[in-house]
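# A look at the structure
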Amino acid sequence: MTAKDAPRPDGVRKLYELMRRVNSSTDPSEVLEEIARGVVEVLGFGIAAIARLQGDTLVMTTVAGPEDVRKQIIGRRTPVSAILNEFAQADEWGILRYVPHGRLPDEIMGAAWIPDITPSEDPEAWHPLDALYAPLYSATGELLGNMSVDLPPDNRIPGRRDRELLEMFVVQAGLAMSNAQQRERLAEQVRLGETIQRVTAAGRLLGLDLTLHEAAEAIASGLAATQVWVHCFPDGEAGASEYSAGYPDRAPTHRQAGLRRDLARAAHDLGRPIVVGRESTEPGLWGVQNVLALYDAGSLVAVPIAVGHELLGNLVILRAPTAGDLSEAELDAVDQISRELGRMVLNTRLYETERRLVAELQEIDRYKGELIATISHELKTPLTSIIGHTELLEEIATEIDSVRAISRNAQRLNRLIENLLNYSRIQDRREHARRAVDLTVLCENSLDLLAVQAEQGGLQLKLASPPAPVIVHGDPEELARVIDNILSNAVKYTPAGGRVDVAVSSEGTWAEVACTDTGLGISAVDQTHLFSAFHRSSNPEALSIPGTGLGLAISRRITELHGGDIVVESTLGEGSTFRVRLPLGDRAQADRGPADQPPLDDRALSDGPLGDGALSDWALEDH
Ligand code: ADP
């Protein structure tokens, strides 16, 4: 080994220190500074400059050497294609690339920094237009940057020893950049993940306005944006409202709204966000240039908010001139965020439509209720007069069948109107008088009234109940209406020779009245509508028996107002069981009662509360 080829001890020591720093430093730019300085101070090059790849441009970030040169070239931007072109023409010195003067056209070399030295005839001497580069790669072979050196020691083309040492510095620079890149990527992943999480969490806020505002703020901080706008289009046909949010400013709904909409539509058609920078000169994008100038921004990203083919709105992001282009990971995150926003907007639209339809239905229902109540009232007065006069006629003309028929049918009409009035009254009812009511007593009273009809129809009626009262809280008259309806239906829809078994029981906190008959039964399809107002079974046998289809609707409503429910089990042609379930009441509590309620009515416990016009009358109808 000649003295010239022996490694320089200070260079090796410096390298050793550098290697330790590269592996432990958290600031890669500091390490790169040190590497460049080492190349100049230890290896003796006049200048060492490191450029980092940003997108497809190499940006000079670190320069060691004379201050005036540093000032000249720091921040210089070179398209990566130009440098790759030079590499292709270069001699390969291991990982170094040497481009001797004269190999590339002078104008290319002239674009670089040229040292102020006089060319020499000596073939070993360094020429001012010679260039020596070292591309910096990651461990996976990805180009991360470039180091260029000039003015080698003694102004001579570097020998093997100097190249080897330089290569070692270059490797450390590549490692430092690789570390920095990995760290940045990880930090970016964490930042974007958090942004997406924040946007998703914003979806749980109440109201799309608030959600979009919070999402805009999250996007602004996660994507280093100076302004974020979110705009959701109104849709009169679907009844969807317009929403606009933004951070720090709310999206203007009129200014540039058309431009933003057009950009989002174009982006939606393209299937990816549209990014417009200051350098764009397309005439169609002048509007964007105005926005960029107005907001002092460097680029605008237009993102569609869409679900499938439907464009629901847009997301527009403005970034500062210094922010650079969005990375692939950032574009992916934007895409994910826009899909998340699309889902939120769609949900809100569905919710709005649902609310509107419910309001419309409620209005129709209210109108129906009013109509029923008004017509029933209007019919009641003339009918009362008809019934009164018919009673007079019956006293005079006792033998005339027509008078009896008029009276019978007038009574039937009267009951129908009573039911209609009950139905419309019960619809609006929220409160009911609460007393202790014994379900066994209600069943006994109801069966007493049905006894004659059952005997005439050849039916057996039976009641099974526990010795102790089964007490529930509620309005005795209304609860009696429920029991009467269920029991009278059983008698009404059970042909001769059948049975009706009523069982009162209690279990846990619930009381139950189960009424089982061996009657016509109800098909599965009819069972699904059984409790809707005016529904009557489609079974012809049941239809031939007069009824209004209101009794079960009234019964369910009353039961629900009392905190209970009614269920049915039935097989067509075999019979049915109706179960009325109500929360058990405590008699002592009922006796005390709330201060504003009437005192306990003993009649409800003993005599039963059947009033005039109760539905039990239906069972006694003269068909
Ligand atoms: P209505 O008896 O006046 O028609 P309801 O609302 O009380 O009205 O009953 C609705 C329909 O349910 C009846 O028309 C009848 O077809 C059927 N239904 C009710 N109870 C029974 C039953 N115990 N057995 C068979 N069908 C029944």
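Look up a bit, the structure's there.
In short, a report on the structure. Each residue is numbered by its place in its chain's sequence as written, counting from 1. Where local features are concerned, this predicted model is filtered to residues with pLDDT of at least 70; where side-chain atom pairs are given and counted, the filter is 80 or more; whole-chain, interface and lining totals use all residues. Hydrogens and waters are ignored; side-chain quantities use all the structure's heavy atoms.

## Things to note about the overall build of the chain
Stated formally: Numbered from the N terminus, helices here are DSSP runs of H or I no shorter than four residues, and strands are runs of E no shorter than two. Should any heavy atoms of two residues lie within 4.5 Å, those residues are considered in contact.
The helix and strand inventory of the chain stands at 19 helices and 19 strands. The long-range fraction of contacts in the chain, counting pairs at least 24 apart against all pairs at least 6 apart in sequence, stands at 66%.

## Let's talk about helix α8 (residues 257-270)
Heads up, the condition is: One less than the number of residues in a helix, times 1.5 Å, gives the span that helix is expected to have. Only protein chains enter the accessibility calculation, which uses a 1.4 Å probe; a residue is then buried when its area is under 20% of its type maximum, exposed when over 50%, and partly exposed in between. Directions pointing from the helix axis toward each C-beta atom define the arc.
Here α8 spans 20 Å end to end across 14 residues, near enough to the 20 Å set by a 1.5 Å rise per residue. Residues A257, R260, L263, A264 and A267 constitute the buried set of α8. Taken around the axis of α8, the buried residues stretch over an arc of 130°, which confines them to a single face. Where α8 ends, the next residue or the one after it, G271, has phi of about 85°, a positive value.

## Digging into the environment of A454
In this structure, A454 sits in helix α12 (residues 439-456). Exposure remark for A454: the relative accessible area of 2% places this residue in the buried category. Residues A454 and V500 lie 46 residues apart in sequence; the distance between their C-alpha atoms is 9.2 Å. In contact with A454, not counting residues within four places along its chain, are L459, L461 and V491.

## Here we look at the site of the ligand
Note the cut-off: For this description, a residue counts as near a given molecule or strand if any of its non-hydrogen atoms is within 4 Å of it. Here a polar contact means two N or O atoms within 3.5 Å. Within protein one must be a hydrogen donor candidate and the other an acceptor candidate, and residues neighboring in sequence count only if both atoms are side-chain atoms. Both cavities and pockets are sets of points on a 1 Å grid over the protein atoms alone; in a cavity a 1.4 Å probe fits but cannot get out, in a pocket the set is open with protein on both sides within 12 Å along at least five of seven lines, and lining residues sit with an atom within 4 Å of a point. In this description, a molecule resides in a pocket or cavity if more than half of its atoms sit within 2 Å of the grid points defining it. In the scheme used here, Gly and all other residues not listed as nonpolar or charged are polar, with Ala, Val, Leu, Ile, Met, Phe, Trp, Tyr, Cys and Pro taken as nonpolar and Asp, Glu, Lys and Arg as charged.
Inspection of the region around the ligand gives 22 residues, with N489, R536, S537, T548 and L552 positioned closest. N489 has a polar side-chain atom sitting 2.8 Å from an oxygen atom of the ligand. Between the ligand and T548 there is a distance of 2.8 Å, counted from an oxygen atom to a backbone nitrogen or oxygen. Comparing atom positions with the cavity grids shows the ligand to sit within the largest cavity. For the shell around the ligand, the secondary-structure elements that each account for two or more residues are α13 (476-492), α16 (551-561) and β19 (575-583). Top element by residues in the shell around the ligand is α13. It accounts for four residues. Grouping the constituent residues of the shell around the ligand by class yields nine nonpolar, ten polar and three charged.

## Details of the sheet that holds strand β10 (residues 274-277)
Put simply, the rule reads: DSSP-based pairing: two strands are paired if at least 2 bridges between them are found. Lines fitted to C-alpha atoms define the axes, with helix axes restricted to the stretch in contact, and inter-axis angles between N-to-C directions lie between 0 and 180 degrees.
With respect to topology, five strands assemble into an open sheet ordered β9-β8-β12-β11-β10, the strand pairing being antiparallel. Strands at the two margins of the open sheet, each flanked by one partner only, are β9 (243-247) and β10. Strand after strand, the sheet turns through a mean of 15° between neighbouring axes, direction not considered. Across four bridges, β10 lies against strand β11 (residues 299-307) in antiparallel orientation. Its bridge partner being in β11, I274 is matched across the sheet by A302. In the packing of α8 onto the sheet, contacts are made with β8 (225-232), β10, β11 and β12 (310-319), and the angle to β12 comes to roughly 110°. Here helix α9 (residues 286-294) sits on the sheet and contacts β8, β10, β11 and β12; the angle it forms with β10, its principal contact strand, is near 65°.

## Digging into the sheet that holds strand β4 (residues 91-93)
Judged by pairing direction, the sheet is antiparallel, and its seven strands sit side by side in the order β3-β2-β1-β7-β6-β5-β4 without closing on themselves. In this open sheet, the two strands that pair with only one neighbour each are β3 (77-79) and β4. Mean inter-strand twist for the sheet, computed between neighbouring axes without regard to direction, equals 30°. Bridge count between strand β6 (residues 131-137) and strand β7 (residues 143-150): six bridges; the pairing is antiparallel.

## What about empty space enclosed by the protein?
Going by this rule: Grid points are joined across faces, edges and corners, and a volume is the space filled by probe spheres set on the points.
A complete count under the given rule lists three cavities of 30 Å³ or more for this structure. Estimated volume of the largest cavity: approximately 340 Å³. Around the largest cavity sit 26 residues that line it, and N489, Y493, L530, S537 and L552 are the ones nearest its centre. For the lining of the largest cavity, the elements supplying multiple residues, two or more each, are α13, α16 and β19. Top element by residues in the lining of the largest cavity is α13. It accounts for four residues. For the lining of the largest cavity, the class distribution of residues is eleven nonpolar, twelve polar and three charged.

## Some points on the layout of surface pockets
Estimates place the volume of the largest pocket at around 1400 Å³. Along the walls of the largest pocket sit 39 residues, with Q54, G55, G324, D325 and S327 positioned nearest its centre. Here the lining of the largest pocket takes seven residues from helix α6 (residues 160-202), the largest share from any one element. Classifying every residue of the lining of the largest pocket gives 13 nonpolar, twelve polar and 14 charged.

## Some points on the packing of aromatic side chains
Just so we agree on the cut-off: Note on ring pairs: Phe, Tyr and Trp rings are taken, using the six-membered ring of Trp, and paired if centres are within 6.5 Å. Classes follow the plane angle, with under 30 degrees stacked, over 60 edge-to-face and the rest tilted.
Within the structure shown, the criterion is met by five aromatic pairs. Between the aromatic rings of W93 and Y98, the centroid separation amounts to 4.4 Å while the plane-to-plane angle is 25°, which identifies the pairing as stacked. Judged by its relative accessible area of 12%, W93 falls in the buried class. Here the aromatic rings of W229 and Y295 are separated by 5.0 Å at their centres, their planes lie at 80°, and the arrangement is edge-to-face. In this pair, W229 is assigned in strand β8 and Y295 in the loop between α9 and β11, connecting sequence segments 66 residues apart. Owing to a relative accessible area of 21%, Y295 belongs among the partly exposed residues under this scheme.

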